[in-house]
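What follows is each chain in one-letter form.
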Amino acid sequence: MTRFGRTGQLVRLAFRRDRFRILMWIVILAALMASVAWKFEGIYGTPSEINAIKGTLASPGIVAMFGAFSFKGQVTTAEIFANEMLLFMALIQVVMNLALSVHATRAEEDLGITELVRAHAVGTLAPLSAAAIELLLVNLCLGVLYSVGLSAANMPGATTQGNWLIGLGLAATGLLFGMLGLLTAQVADHASSATGIAYTLFGLSYLARMITDVQHPRLTWWSPLGWVEKLAPYNSPRWLPIGLSLVLAIILLGLAFWANNHRDIGAGAITTRPGRAQASACLRGPATLVWRRQRNVIIAWIIAVIIFGVAYGTVFNTIGDILKTNPTMQQVFGAAMVHEANHKILLSFTSLLAIVMAAVAIIPGMQLILKLHSDETRGWLEALYARPISRTHVLFSYVGTAFATSTLAFIGGLGGIVVMGDASLTHVKDGISATEFWHGVAAQLPEIWVFLGLSVLLVGYWPRLKTISWLYLALGFITVYMGSLLKLPDWVKNVTPTGWMPRVPLHALDWTTFSWMVGLAVVLVVIGWLGYRRRDLQMS
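Conventions adopted
- Residues numbered from 1 in each chain as written.
- Predicted model: local features only at pLDDT ≥ 70, side-chain atom pairs only at ≥ 80, totals over all residues.
- Heavy atoms only, no water.
- Axes fitted to C-alpha atoms, helices over the stretch in contact; angles between N-to-C directions.
- Helix = DSSP H or I, 4+ residues; strand = E, 2+ residues; numbered from the N terminus.
- Parallel < 35°, antiparallel > 145°, perpendicular 65-115°, else oblique.
- Left-handed = near helix turned anticlockwise from the far one by under 90°.
- Nonpolar A, V, L, I, M, F, W, Y, C, P; charged D, E, K, R; others polar.
- Phe/Tyr/Trp six-rings, centres within 6.5 Å; stacked < 30°, edge-to-face > 60°.
- Buried < 20%, exposed > 50% of the residue type's maximum accessible area, 1.4 Å probe, protein only.
- Lys NZ or Arg CZ within 6 Å of the ring centre and 35° of its normal.
- Contact = heavy atoms within 4.5 Å.
- Expected span 1.5 Å × (residues − 1).
- Patch = residues over 30% accessible without salt bridge, like charges linked within 9 Å, V, L, I, M, F, W, Y side chains within 5 Å.
- Areas by Shrake-Rupley, 256 points an atom, 1.4 Å probe, with all protein chains shown as cover.
- Salt bridge = Lys/Arg side-chain N within 4 Å of Asp/Glu carboxyl O.

> Teacher, can you tell me more about the packing of helix 7 (residues 126-153) against helix 8 (residues 160-187) here?
Packed helix pairs are characterised by how far apart their axes lie and by the angle those axes make with each other. Here helix 7 crosses helix 8 at 160 degrees, and the two axes come no closer than 8 Å. Taken as axis vectors, helix 7 and helix 8 run roughly antiparallel relative to one another. You can see that helix 7 and helix 8 cross each other, and the crossing is right-handed. When its residues are assigned to classes, the contact of helix 7 with helix 8 shows 16 nonpolar, nine polar and no charged.

> In this structure, what is going on with the packing of aromatic side chains? I would like to understand it.
On inspection of all chains with the given rule, the structure shows 13 aromatic pairs. With 5.6 Å between their ring centres and 75 degrees between their planes, F177 and F202 make a pair best called edge-to-face. Of this pair, F177 sits in helix 8 while F202 sits in helix 9 (residues 191-215), and the two are 25 residues apart along the sequence. The exposure classification of F177 matches that of F202, with both residues buried. Grouping aromatic residues by their ring pairs yields a cluster made of Y206, F308, Y312 and F349. Lying over the aromatic face of Y206, R209 brings its terminal NZ or CZ to 4.7 Å of the ring centre.

> How should the environment of M366 be read in this particular structure?
Following the sequence through the fold, M366 ends up in helix 15 (residues 335-377). Look at M366 and you get buried, because its relative accessible area is 0%. For the pair M366 and T288, spaced 78 residues apart in sequence, the C-alpha to C-alpha distance is 18 Å. Not counting residues within four places of it along the chain, the set of residues in contact with M366 comprises F451, L452, S455, S469, W470 and L473.

> What is the right way to look at the side chain of T513 in this model?
Along the chain, T513 falls in helix 21 (residues 511-534). Setting aside residues up to four positions removed in sequence, T513 forms contacts with W500 and M501.

> Quick question: what am I supposed to make of helix 19 (residues 467-482) here?
Every α-helix winds through 3.6 residues per turn, so residues three or four apart in the chain are directed the same way. Compared with an ideal rise of 1.5 Å per residue, which puts 16 residues at 22 Å, helix 19 spans 22 Å between its outermost C-alpha atoms and is within 8% of the ideal. Of all the positions in helix 19, only S469, L473, G476, T479, V480, Y481 and M482 are classed as buried.

> Just to check I follow, could you spell out a nonpolar patch on the surface for this structure?
A surface patch of nonpolar side chains, amounting to about 530 Å² of accessible area, comprises Y461, W462, L465, I468, V523 and I527. Position of V523 among the secondary structure elements: in helix 21.

Have a look at this one:
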C-alpha cells in the first residue's frame with residue numbers, strides 16, 4: 001500500500017456521507033447567483049440607473065463592504081453585477097469550504113471515525129487526500145454552474161470569458177480557503193480550534209482587504225480574499241488572481257500533507273493545555289461546565305468581533321469627510337452644515353454596520369444553543385443527567401451562556417466601531433455620541449435574542465431541523481447586506497428580524513418594536529424550554 005492507497009474509495013464514501021450537505025450548498029449558491037443575474041437587467045438596465053448606482057458603489061462605505069472596482073468607458077449592467085456580487089459570493093463560498101474541510105477531517109478524527117478507517121488497508125494520507133479531492137470537485141461543480149447560469153442570464157455587457165472568469169475565480173477562492181481549513185485541521189487538536197484558527201485567518205484577510213480597498217486599493221493584492229476583486233471580468237479580464245489562488249492552495253495542501261505526516265492521529269501542533277489535577281471549586285454545575293469547555297471559543301469570538309469593529313472604525317475619517325472630496329462645501333454651506341452632513345454619513349454607515357455586526361454576533365450564541373443537541377446525541381450529557389440535575393438547569397446553562405456571549409460580542413463589536421471611529425476623526429464633533437451608541441445597541445439586541453430564541457425553540461421541539469436557524473440567519477444577512485443594492489421588496493426585508501427595527505442610530509429607536517421583539521424572544525425561549533422538558537432525549 002502507498003500513502004494514498006484507497007483514496008478513490010474514500011472519495012466516494014465522502015460524497016455519500018456529505019451528499020445532503022453538499023447538495024444544499026450547491027443548490028442554494030448556484031440558484032442565488034443565477035437568480036440575481038436574471039434579475040439584474042431589470043434593476044440596472046438603463047444608463048440612468050447605472051450612473052446612479054455607479055456613484056454609490058464608489059463611496060467609501062460601499063467600498064468597505066463590497067470592494068474597490070474601477071469602471072472604464074460606458075459602464076454596463078454586467079460590470080455593476082460583478083461589482084456587487086463577486087466579493088459577496090466569495091464570502092459565502094469561503095464559509096462553505098471551511099465548514100466542509102474541517103468536517104471532513106478534524107471532526108471525523110474527533111469522533112474516532114478516522115481511526116477506524118485507518119485501521120484498514122488505507123494509505124496514511126488517503127483521508128486527507130479524499131477531503132481535498134472532495135473540495136476540488138465541489139468547487140469546480142459550483143464554478144461551472146455559476147458560469148452556465150451567467151451565460152443563460154445574458155446580462156447586457158456580459159461576455160463568455162467574463163462569465164467563466166467569475167465562475168472559476170470563485171471556485172479558486174473557495175478552494176484556497178478549503179485548503180486552509182485542511183491545514184488548520186492538521187495544526188489544531190480538535191475541530192473547534194481548527195475552525196477558530198481558520199476563521200481568524202479568514203477574518204484577517206477580510207480586514208486587510210477592507211482597509212486597503214478604502215485607503216490604498218493597490219495593496220489589496222496582498223490579501224488573498226482581495227484577489228477575487230482583481231478579476232475585473234467584464235472590464236479588463238485578468239486570469240492572474242485565479243493562478244495565484246491555485247498556487248497558494250497547492251502550497252497550503254502541501255503543508256497539510258507535511259503536518260499530517262509529522263503528527264499522531266488525534267494530535268495537533270497546537271495542543272490543548274492539560275487541565276488541573278483537581279476541579280476548581282467553581283466547577284459545580286452545568287453552567288460552569290459549559291463555560292469551562294467553551295471558554296476559549298467564547299473569548300475568541302468576542303475578541304474577533306471587537307477587532308472586526310475596530311477595523312471598520314479605522315475608515316471613519318475616510319468615509320465621513322466631505323471636504324476631502326469637495327473642498328468648496330464649507331465655503332458654500334458653512335462649517336456647521338458640513339459637519340452635520342459628515343455626521344449623517346457616519347450615522348448611516350454605523351447603522352448598516354450595526355446590523356451586520358449583530359448578524360456576526362449571533363453566530364457564537366447560536367452555536368452554543370445548537371451544541372446542546374449535538375452534545376446530547378454524542379452521549380456527552382449522559383454523565384450529567386445521571387446526577388440529580390433537571391433538564392431546565394442544563395438547558396438554561398447553555399442558553400444563558402449563549403445569550404451572554406452574543407450580547408457581549410455585539411456590544412464589543414459596535415463599541416469597537418464607535419470608539420475607534422471617533423478616535424480616527426479629524427473633527428470629533430462629526431462622530432457618534434454615547435447616546436447614539438447605546439440606542440444602536442438597544443435596537444439590535446432584540447434582533448439577536450429573537451434569532452437565539454428560534455434556536456431554542458428548534459432544539460426543544462424539532463432538533464433535527466436545527467439547520468433552519470442557520471438558513472434563517474443567512475436570509476437575514478443577505479437582505480441587509482444586499483437588500484438595498486438589489487432593490488429587494490420590503491416584504492422580503494421584513495421576513496427576518498433584521499428588517500423589523502428602523503436603522504438606528506440613523507433613525508430614532510422605536511421602543512414599541514423593541515418591547516414586542518423582546519417579548520417574542522422570551523416566548524420562543526419559553527416554548528423551547530417546555531418542548532425540551534417533554535421530548536425524549538437522544539442519547540447515543
